[in-house]
Amino acid sequence: MPNRLSVLTGACALIVQLVALAGPAQAADPGLLLKQADSLYAVEAYDAARELVPRIGAALEPVAADSATMQDARTWLEYGVLLVSLSEFTRADTALQQAVELAEQAVGPSDTLFAEFLSVLASLYRTRGDLDRAEAVLKRSLAIHKSWGKENELMVTAGQIRLASLYLYMHRIDEIEPLLRSAYDIRVAHLGKDHEFVATVLSLQAGLRELQGRPDEAEQLYLQALAILRDRKGPDYAGVARIQTALGTVYRSQGRYDESQRAYDKAIEIYSSETNNMIGATAGPYARLGWLFMDQGRYREADSCIRIAQDIRRQHPGVGEIYFAYGEWQLGQVATRMGQLDEAESSLLSALPPIRETLGPLHPTVFRVQADLANLYAVQGNWERSVSYYHTILKAQRSVTRAWFAVSSEHEKLSWIRKYPLVDPALVTIALASGRRDAIELAGDMVLTGKGAVIDALAVQSESIYCSTDETTRSLWEQRADLCSEVAGIAMGHFPPELSRRVNDTLVQLYRVLDSLEAALSRSCSRFEDRLLRDDARIGTIRDALRDGSVLWEFVKYEPLNLIWPAPDQSGARYAAFVIAPKRETLLLDLGEARVIDSVVVAIRASIADIGHAVYGAHGPYLEAQLQRQLADLHQLVIAPLAAHSGSSSFVYVAPDGALNLIPFGITVDRNGAYALESTAFHYVASGRELLGWHNPEPNSGTAIVMADPAFDSHPAPVEDPAVTAQTAAYRFNTTDGVAAPHTGAFARLPFTRTEAEEVVDVLREYSDMDVQTFLGARAGETVLRSLTSPPRLLHLATHGFMNATEGKSTGAAERHNPLLRAGLAFAGANRRVHDTTGETGHDGILTALEATALQLYGTELVTLSACESGLGDVMAGEGVFGLSRAFVHAGADAVMMSLWRIADAQTARLMRGFYAEWLGGKSKQEALRQAMLSMLKAARTRHGHGHPALWAGFVLAGNPD
């Protein structure tokens, strides 16, 4: 028995024959022809439907605008919709424009029916990638609906949803929430919480939460929408299948694989039921099942599901050509993992052109396909083609990311960097395995610009304040922001193949304009010029910036790419480091398994943390010897291999990664039993690109601010003459942002920090003529810092620091919230915040790292964070430490000195006195800290008979060493 589809296809062929035999009047009836074309399209007889298009257009031509009826407008509208379905976009544009004109003529420009015609035209603009026109038309449509007042509120929500959907497409996240919130409130008020139209809003809200990296909330919203649709439309409703598919993707992102598979299977079941018979729609969940099985290493099952999806797409081309290309990409990935390299190459090469033509060459998805090809060629040993692809990827990726970061929120930056990492570990593997100089240089360029990219993007906001000192510069900033928004919207859009050339040409022109704007900004704002230089860092420019006798060790923690197939057992993450020295070829060294190195770091930190007062007793020498064995292990694993390739360099810039952020390299012990600090100066940077942005400006007014011993339990005293400028007051962060109090316990008083402050004040007055301002007790409030209108030369903060550990997996809290919200400093009144239920968070005694980025510190030579573990933050491979030190650098501080573990009060005070005396006596900041530590080491050996690092080594300096 023939199936239903073959019967319908045969019937439609008969319709075409009957139309040809019909009389002239019937054959020229555009309404009849449209019904016939729609019938053909419904059964996927696309070529037959397309044959009727010229006849429909000819039949519609005689309609005159001055005598047109609303039925004529509807017919033109239906014709335009058919053309869009058939991807006849140029003709569709003409048809829909005609429909809009006829509708306006028939009912007037303020009629709600005319507004609906506009919304259809906007859909075409969106499909064509003309997003600005789509937005303008949708806003006009929405304004018409709003003009009708309360009686038209439900139609207003339809317009809000269309506009929110467009903004979701354009990643303009901040503008989506208010639209959806309004639509939800109106629909609930009119229809109740359980109406299917409310489910539509919930689904969109869920999609927004996914885009924001908040899968838990997305799941709950999808489940609410699902319950409504099941109740109102039945369990076999096609909309239920769509939500099941979306839920499956959320579950997959959370690693809930069994639930994800059940959701996809249920979607396939619903689509395939006799009620729906939407076989073409099953391709989507089948393809997603393929990704799911790939995540689990079930490659044969993945291959089977993807091939089923591809067969469905072949039989139902109306599903979309781009999805077939995605399927080929999937097949290439699976074949690569199964070691079927020739088949993998064929699939990936067939997938790349349509994906690139549809999305444009600057879309991140194109980068991912190209990376898969590059890695495949690496597995084949074809290093030249592999590196060539990575050259193309990194060049395009820089442009897109720069534009995207300029217009996105912090949540969006974090979501972007996790979805499209700027540090690709595969290229590090390729550089190590091939040994090619071009591969090593390219991998080095990638690591230099990729590490810490999200947090570094915060600096743009601060620079916009300090650079906007005149109308011309401010105008340039605004033009750049608008242009970046346009570039990001186009680069992230989805366009049909016939528009790709026009879109690509547009992007090329926009980037040229962007370059000219940034050149103008660089001329008027030196800090912006510095940032552009850092953003475009290369191994060569870093090498030229290094002083004679110095070397840069740029570390990267990476997951190695398997270059042998079938793949052996995964060995896990590894550490590697670039050795960059003046006038020498860059080297890349593999340092071994991360688990081994990290375990040594953990053991060292535990030994120091647990030592307590025992370090002062008779067991001190034994404790030092015990720790030195661990430090010698770390030296052999990390320091010795790099030192062997660093020549006679005695000054080392260290750009650590992963757990290596948590240990000062100067405490490692060489083969002679000496601490590395005794022979080598180590200086810390988040990335080697920091070397490109340092200046040594003339000293400012010479003010020093010293804050210590905050009264955590009392109300902070007001600043005597608060000078918060309008500019500063307008630049505030919402510190709650969905996060509970960043510290959940009470802070104990630090009385000895008052003694420390007194000693610091004494040495500052002895060795400098700075105007020293001291803030103690209730006067040590965060408002002092927020109220700064001119930067001090020195800012010394002696208080509690905190860093809340990341909770859950990478898709949990760390994904949803900015890491700079979980690190901070406590000031006067901090404990009142912990126990306060008012919800006030403005000047609450807690200065988060994110808030610290907004302080006015350009011109500040040094910020000293004499706080427990102030140098810590979220340790993320490829990103460096997100913590207080980075925040103060981005606020404008030239350098930051901070602690990596808890240090005894007496040692802290002595170290600070020694450091300030050396620095203000004429030494560089880095050398001053080193000499202060060496003096304390010598004193400890004399006084206690040993030099345990707990007595002298807890502080490190980051930023400008001079």
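What counts, and at which threshold
- Residues numbered from 1 in each chain as written.
- Predicted model: local features only at pLDDT ≥ 70, side-chain atom pairs only at ≥ 80, totals over all residues.
- Heavy atoms only, no water.
- Helix = DSSP H or I, 4+ residues; strand = E, 2+ residues; numbered from the N terminus.
- Buried < 20%, exposed > 50% of the residue type's maximum accessible area, 1.4 Å probe, protein only.
- Areas by Shrake-Rupley, 256 points an atom, 1.4 Å probe, with all protein chains shown as cover.
- Pairing = 2+ DSSP bridges.
- Salt bridge = Lys/Arg side-chain N within 4 Å of Asp/Glu carboxyl O.
- Expected span 1.5 Å × (residues − 1).
- Contact = heavy atoms within 4.5 Å.
- Phe/Tyr/Trp six-rings, centres within 6.5 Å; stacked < 30°, edge-to-face > 60°.
- Lys NZ or Arg CZ within 6 Å of the ring centre and 35° of its normal.
- 1 Å grid on protein atoms, 1.4 Å probe; cavity = no way out; pocket = protein on both sides within 12 Å on 5 of 7 lines; lining within 4 Å.
- Points joined across faces, edges and corners; volume = space filled by probe spheres on them.
- Nonpolar A, V, L, I, M, F, W, Y, C, P; charged D, E, K, R; others polar.
- Axes fitted to C-alpha atoms, helices over the stretch in contact; angles between N-to-C directions.
- Parallel < 35°, antiparallel > 145°, perpendicular 65-115°, else oblique.
- Left-handed = near helix turned anticlockwise from the far one by under 90°.
- Core = buried A, V, L, I, M, F, W, Y, C linked by side-chain atoms within 4.5 Å.
- pLDDT = per-residue confidence, 0-100.
- Polar contact = N/O pair within 3.5 Å; in protein donor to acceptor, adjacent residues only side chain to side chain.

Undergrad: Sorry if this is basic, but what is going on with the overall build of the chain here?
TA: Looking only at helices and strands, one finds 41 helices and 16 strands in the chain. For the chain, the residues scored as buried account for 55% of the 962 residues in total. Carbon and sulfur atoms form 51% of the exposed surface of the chain, whose accessible area is close to 39,300 Å².

Undergrad: What is the right way to read the pairing of strand β12 (residues 862-866) from this model?
TA: For a regular strand, side-chain orientation follows a simple rule: the groups alternate between the two sheet faces. Most of β12 is tucked away, with five of its five residues classed as buried. Residues of β12 alternate between two faces, with Leu 862, Thr 864 and Ser 866 on one and Val 863 and Leu 865 on the opposite face, all of them buried. Sheet topology places strand β8 (residues 794-798) next to β12; five bridges connect them, and they run parallel. Pairing of Ala 798 across the sheet is with Ser 866, part of β12. Judged from the three bridges that link them, β12 and strand β15 (residues 895-899) form a sheet pairing that is parallel. Bridging from a neighbouring strand, Val 863 pairs with Val 896 of β15.

Undergrad: Before we go on, may I ask you to explain the pattern of salt bridges in this structure?
TA: Two side chains with opposite charge may pair up if their charged atoms get near one another. Enumeration over the complete set of coordinates arrives at 34 salt bridges. Salt-bridge contacts for Asp 295 lead to Arg 252; the nearest nitrogen and oxygen are separated by 2.5 Å. Taken as a pair, Asp 295 in helix α16 (residues 283-295) and Arg 252 in helix α14 (residues 238-253) lie far apart in primary sequence, 43 residues in all. Note on Arg 252: relative accessible area 25%, which makes it partly exposed. In this structure, the salt-bridge partner of Glu 269 is Lys 266, at a minimum N-O distance of 3.5 Å. Of the two residues, Glu 269 and Lys 266 are both situated in helix α15 (residues 257-272); the distance of three residues between them amounts to about one turn of the helix. We classify Lys 266 as partly exposed; its relative accessible area is 28%. Overlapping salt bridges, with partners in common, bring together Glu 177, Arg 209, Arg 214 and Glu 217 in one network.

Undergrad: Looking at this structure, I do not really get helix α6 (residues 70-85). What am I missing?
TA: Residues lying three or four places apart along an α-helix face the same way, a consequence of the helix completing one turn every 3.6 residues. Between its terminal C-alpha atoms α6 stretches 23 Å, which fits the 22 Å expected from 16 residues at 1.5 Å a residue. Regarding α6, the residues found buried are Met 70, Ala 73, Thr 75, Trp 76, Leu 77, Tyr 79, Gly 80, Leu 82 and Leu 83. Immediately downstream of α6, the backbone of Ser 87 shows phi near 60°, a positive value.

Undergrad: Which parts of the structure should I look at to understand helix α13 (residues 215-233)?
TA: Look at α13: 26 Å from first C-alpha to last across 19 residues, which is about the 27 Å you get at 1.5 Å a residue. If you check which residues of α13 are buried, you get Pro 215, Ala 218, Glu 219, Leu 221, Tyr 222, Ala 225, Leu 226, Ile 228 and Leu 229. Buried residues along α13 sit against α12 (196-211) and α14. One or two steps after α13, the chain reaches Gly 234, where phi turns positive at roughly 95°.

Undergrad: Even after reading the chapter, I still don't get the packing of aromatic side chains, so can you show me in this structure?
TA: Tallied over the entire structure, the rule returns 15 aromatic pairs. With a centroid separation of 5.6 Å and an interplanar angle of 80°, the aromatic rings of Phe 555 and Phe 665 are classed as edge-to-face. With Phe 555 in strand β1 (residues 550-558) and Phe 665 in the loop between β4 (651-655) and β5 (681-684), this residue pair connects regions lying 110 residues apart in the sequence. The exposure class assigned to Phe 665 is buried, which follows from its relative accessible area of 1%. Members of the aromatic cluster, joined through ring pairs, are Trp 553, Phe 555, Phe 665, Phe 682 and Tyr 684. Here Lys 233 stacks its cationic end above the ring of Tyr 237, 5.2 Å away from the centre of that ring. For Arg 547, the ring lying beneath its charged end belongs to Phe 651, and the centroid distance is 4.6 Å.

Undergrad: Quick question: what am I supposed to make of empty space enclosed by the protein here?
TA: If a probe as big as a water molecule is rolled over the atoms, it shows which places are left empty. All chains considered together, the criterion is met by five cavities of 30 Å³ or more. The volume enclosed by the second largest cavity comes to roughly 150 Å³. Lining the second largest cavity are 16 residues, and of these Leu 677, Phe 682, Tyr 684, Met 933 and Phe 955 lie nearest its centre. For the lining of the second largest cavity, the element with the most residues is helix α41 (residues 925-944), which contributes four residues. In terms of residue class, the lining of the second largest cavity is made up of 12 nonpolar, three polar and one charged.

Undergrad: Would you explain the packing of α12 against α13 in this entry?
TA: Direction vectors running N to C along α12 and α13 enclose 160°, while the axes themselves pass 8 Å from each other. With respect to each other, α12 and α13 are oriented roughly antiparallel. Crossing of α12 against α13: the hand is left-handed. Contacts from Glu 196, Ala 199, Leu 202, Ser 203, Gln 205, Ala 206, Gly 207, Arg 209 and Glu 210 of α12 reach α13 at Glu 217, Ala 218, Leu 221, Tyr 222, Gln 224, Ala 225, Ile 228, Leu 229, Arg 232 and Lys 233.

Undergrad: I would appreciate a short explanation of the nonpolar core in the present structure.
TA: When a protein is soluble and globular, its nonpolar side chains tend to lie buried together. One finds Trp 553, Phe 555, Phe 665, Leu 764, Phe 888, Tyr 916 and Trp 952 to be the most contacted residues of the largest nonpolar core, which totals 105 residues. Beyond its immediate sequence surroundings of up to four residues, Trp 952 is in contact with Gly 666, Ile 667, Tyr 675, Leu 677, Leu 911, Met 933, Met 936, Leu 937 and Gly 947. Counting residues in hydrophobic clusters, the runner-up holds 63 residues, among them Tyr 420, Leu 427, Met 446 and Ala 537.

Undergrad: Help me out: how do you make sense of unusual backbone geometry in this one?
TA: Only a minority of non-glycine residues have a phi that is not negative, and only a minority of peptide bonds are not trans. The backbone of Asn 277 sits at a positive phi, close to 50°, despite the residue not being glycine. For Asn 277, a relative accessible area of 34% corresponds to the partly exposed category. Positive phi is not limited to glycine here, since Asp 709 has a value of about 45°. Within the secondary structure layout, Asp 709 lies in strand β6 (residues 703-710).

Undergrad: Please clarify how the confidence of the model for the chain should be interpreted in this entry.
TA: Low pLDDT means the predicted atomic positions in that stretch should not be read closely. For the chain, mean pLDDT is 80; residues scoring 70 or higher make up 76% of the total. Under a pLDDT of 50 for its full length, residues 1-27 has, in the predicted model, 19 contacts with residues more than four places off or in other chains. Between residues 805-817, whose pLDDT stays under 50, and residues either more than four places distant or in other chains, the model counts 29 contacts.

Undergrad: Any chance you could explain the environment of Asn 276 here in plain terms?
TA: Looking at where Asn 276 falls in the secondary structure, it is placed in the loop between α15 and α16. On the basis of relative accessible area, Asn 276 is assigned to the buried category, the value being 19%. C-alpha separation for the pair Asn 276 and Ala 238, spaced 38 residues apart in sequence, amounts to 6.9 Å. Contacts of Asn 276, omitting those with residues within four sequence positions, involve Asp 236, Tyr 237, Ala 238, Ile 270 and Tyr 271.

Undergrad: Explain the side chain of Asn 152 here, please?
TA: Examined against the element boundaries, Asn 152 turns out to sit in the loop between α9 (131-147) and α10 (153-170). Not counting residues up to four positions away in its chain, the partners in contact with Asn 152 are Thr 112 and His 145.

Undergrad: How should the side chain of Asn 661 be read in this particular structure?
TA: Relative to the assigned elements, Asn 661 resides in the loop between β4 and β5. On the basis of relative accessibility, which here comes to 13%, the residue Asn 661 falls in the buried class. Reaching out from Asn 661, the side chain makes a polar contact with the backbone oxygen of Gly 658 at a distance of 3.0 Å.

Undergrad: Just checking my understanding: could you explain the pairing of β5 for this structure?
TA: Both faces of β5 are covered, namely the face carrying Ala 681 and His 683 and the face carrying Phe 682 and Tyr 684. Relative to β5, β4 runs parallel, the two being bridged by four bridges. Residue Val 652 lies in a different strand from β5, and its bridge partner there is Phe 682.

Undergrad: Can you walk me through the packing of helix α34 (residues 752-767) against helix α40 (residues 905-920) in this structure?
TA: A packed helix pair is summarised by two numbers, namely the angle formed by the two axes and the spacing between the axes. The geometry of α34 relative to α40 is characterised by a closest axis approach of 9 Å and an angle of 15° between their N-to-C directions. In this view, α34 runs roughly parallel relative to α40, as classed from their interaxial angle. In terms of crossing hand, the pair formed by α34 and α40 is right-handed. Side by side, α34 and α40 meet where Phe 752, Glu 756, Glu 759, Val 760, Asp 762, Val 763, Leu 764, Glu 766 and Tyr 767 of the first sit next to Asp 905, Ala 906, Thr 908, Ala 909, Met 912, Arg 913, Tyr 916, Ala 917 and Leu 920 of the second. Class assignment of the residues belonging to the contact of α34 with α40 gives a composition of 11 nonpolar, one polar and six charged.

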